[in-house]
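Residue-level structure breakdown
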Amino acid sequence: MTATASPSTENALARRITDGMEPRNVIVLVSLGVGLAQHKPLAGLAWALEAIVFAAVIPMAYIKYGMRRGMWADRHIGQRQRRMLLIPVIMASVATGIGLMIWFDAPKAMVALVVAMLATLAVLLPVTAFWKISVHTAVAGGALAMLALAWGPLVWIAYPIVAVIAWSRISLRDHTLGQTLAGAAAGTVTAGLVFAALGA
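I will try to describe carefully the structure that is included in this document. Fair warning: this is a prediction, and the values are worked out from it, not measured in the lab. (Residues numbered from 1 in each chain as written. Predicted model: local features only at pLDDT ≥ 70, side-chain atom pairs only at ≥ 80, totals over all residues. Heavy atoms only, no water.)

1. Thoughts on the pattern of salt bridges
- In total, this model carries 5 salt bridges according to the counting rule given.
- For the salt bridge of Arg 75 with Glu 22, the shortest nitrogen-to-oxygen distance reads 3.0 Å. Taken as a pair, Arg 75 in the loop between α3 (41-68) and α4 (80-103) and Glu 22 in the loop between α1 (7-20) and α2 (23-36) lie far apart in primary sequence, 53 residues in all.
- Two residues, Arg 169 and Asp 174, come together in a salt bridge whose shortest N-O distance is 2.9 Å. Grouping residues by exposure puts Arg 169 and Asp 174 together as buried. (Salt bridge = Lys/Arg side-chain N within 4 Å of Asp/Glu carboxyl O. Helix = DSSP H or I, 4+ residues; strand = E, 2+ residues; numbered from the N terminus. Buried < 20%, exposed > 50% of the residue type's maximum accessible area, 1.4 Å probe, protein only.)

Now the structure itself:
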């Protein structure tokens, strides 16, 4: 008789994947990855840190502030209506980061990276008004699209990671299959097109 994982074991694994591959962490990875792909990698890493501050650190600080104030129960913001309050704040932080990059003449690819993040949020926000599209898979799909454009098409081999993240979100009953697929498609297409258009 073949042993199968118990539901509790599967949920524990799903929770680890959901927490480990949350948007903040993926943003850190893609920012560093695109920064290292620049002609001057050290300068690219410096700009990557700027992107991380405005696209990951400040939003996470606001999420933690909201948790302390009882605005939402967890850092993944499970309630769709609460996401409608959070996404505009993140967009404002990311837009500030873009403004500073333009002001200080950052490399085109680094500006494109953050503009692509903002564009993805702009796509997710109106959908979130009526449907809980997956931000996890949107960010992961967009990150892989941008890394593939920065490093080469072999990066697409890693795309099954998005499916694993989708499984974790579905397993935890945070999203449906359709919501994870829509998120992955929205992130991949939006971030990929914007990065390709602005980062060349």
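2. Focus: the nonpolar core
- Ranked by internal contacts, the top residues of the largest apolar core, which has 53 residues, are Val 30, Met 101 and Leu 113.
- Elements represented by at least two residues in this core include exactly α2, α3, α4, α5 (108-128), α6 (135-151), α7 (160-171) and α8 (177-199).
- When residues in this core are grouped by element, the largest group, 12 residues, is from α5.
- Once residues within four sequence positions are removed from consideration, Leu 113 is found in contact with Val 30, Ser 31, Val 34, Ala 51, Met 146 and Phe 195. (Core = buried A, V, L, I, M, F, W, Y, C linked by side-chain atoms within 4.5 Å. Contact = heavy atoms within 4.5 Å.)

3. Quick notes on the packing of aromatic side chains
- By the definition in use, this model includes 3 aromatic pairs.
- Look at Tyr 62 and Trp 72: their rings are 5.8 Å apart centre to centre, the planes differ by 65 degrees, and that puts the pair in the edge-to-face class. Within this pair, whereas Tyr 62 is found in helix α3, its partner Trp 72 is found in the loop between α3 and α4, the two being separated by 10 residues in sequence.
- Given the relative accessible area of 23%, Tyr 62 is considered partly exposed.
- Between Trp 156 and Tyr 159 the ring centres are 5.9 Å apart and the planes differ by 45 degrees, which places this aromatic pair in the tilted class.
- An aromatic cluster is present here, built from Tyr 62, Tyr 65 and Trp 72 joined pairwise through their rings. (Phe/Tyr/Trp six-rings, centres within 6.5 Å; stacked < 30°, edge-to-face > 60°.)

4. Digging into the environment of Ala 191
- Looking at the secondary structure, you find Ala 191 in helix α8.
- Remark: the alpha-carbon pair of Ala 191 and Val 34, spanning 157 residues in sequence, is separated by 13 Å.
- Among all residues touching Ala 191, those that are not within four sequence positions of it are Ala 116, Thr 120, Gly 142, Met 146 and Ala 186.

5. A closer look at the packing of α4 against α5
- Viewed as axis vectors pointing N to C, α4 and α5 meet at an angle of 160 degrees, and their least axial separation amounts to 9 Å. One element, α4, and the other, α5, form an angle in the roughly antiparallel class. Considering only the axes of α4 and α5, their crossing is left-handed. Where α4 approaches α5, its residues Arg 80, Arg 83, Met 84, Ile 87, Pro 88, Ile 90, Met 91, Val 94, Ala 95, Ile 98, Met 101 and Ile 102 are matched on the opposing element by Met 110, Val 111, Val 114, Val 115, Leu 118, Leu 121, Ala 122, Leu 125 and Thr 128.
- For the contact of α4 with α5, the class distribution of residues is 18 nonpolar, 1 polar and 2 charged. (Axes fitted to C-alpha atoms, helices over the stretch in contact; angles between N-to-C directions. Parallel < 35°, antiparallel > 145°, perpendicular 65-115°, else oblique. Left-handed = near helix turned anticlockwise from the far one by under 90°. Nonpolar A, V, L, I, M, F, W, Y, C, P; charged D, E, K, R; others polar.)

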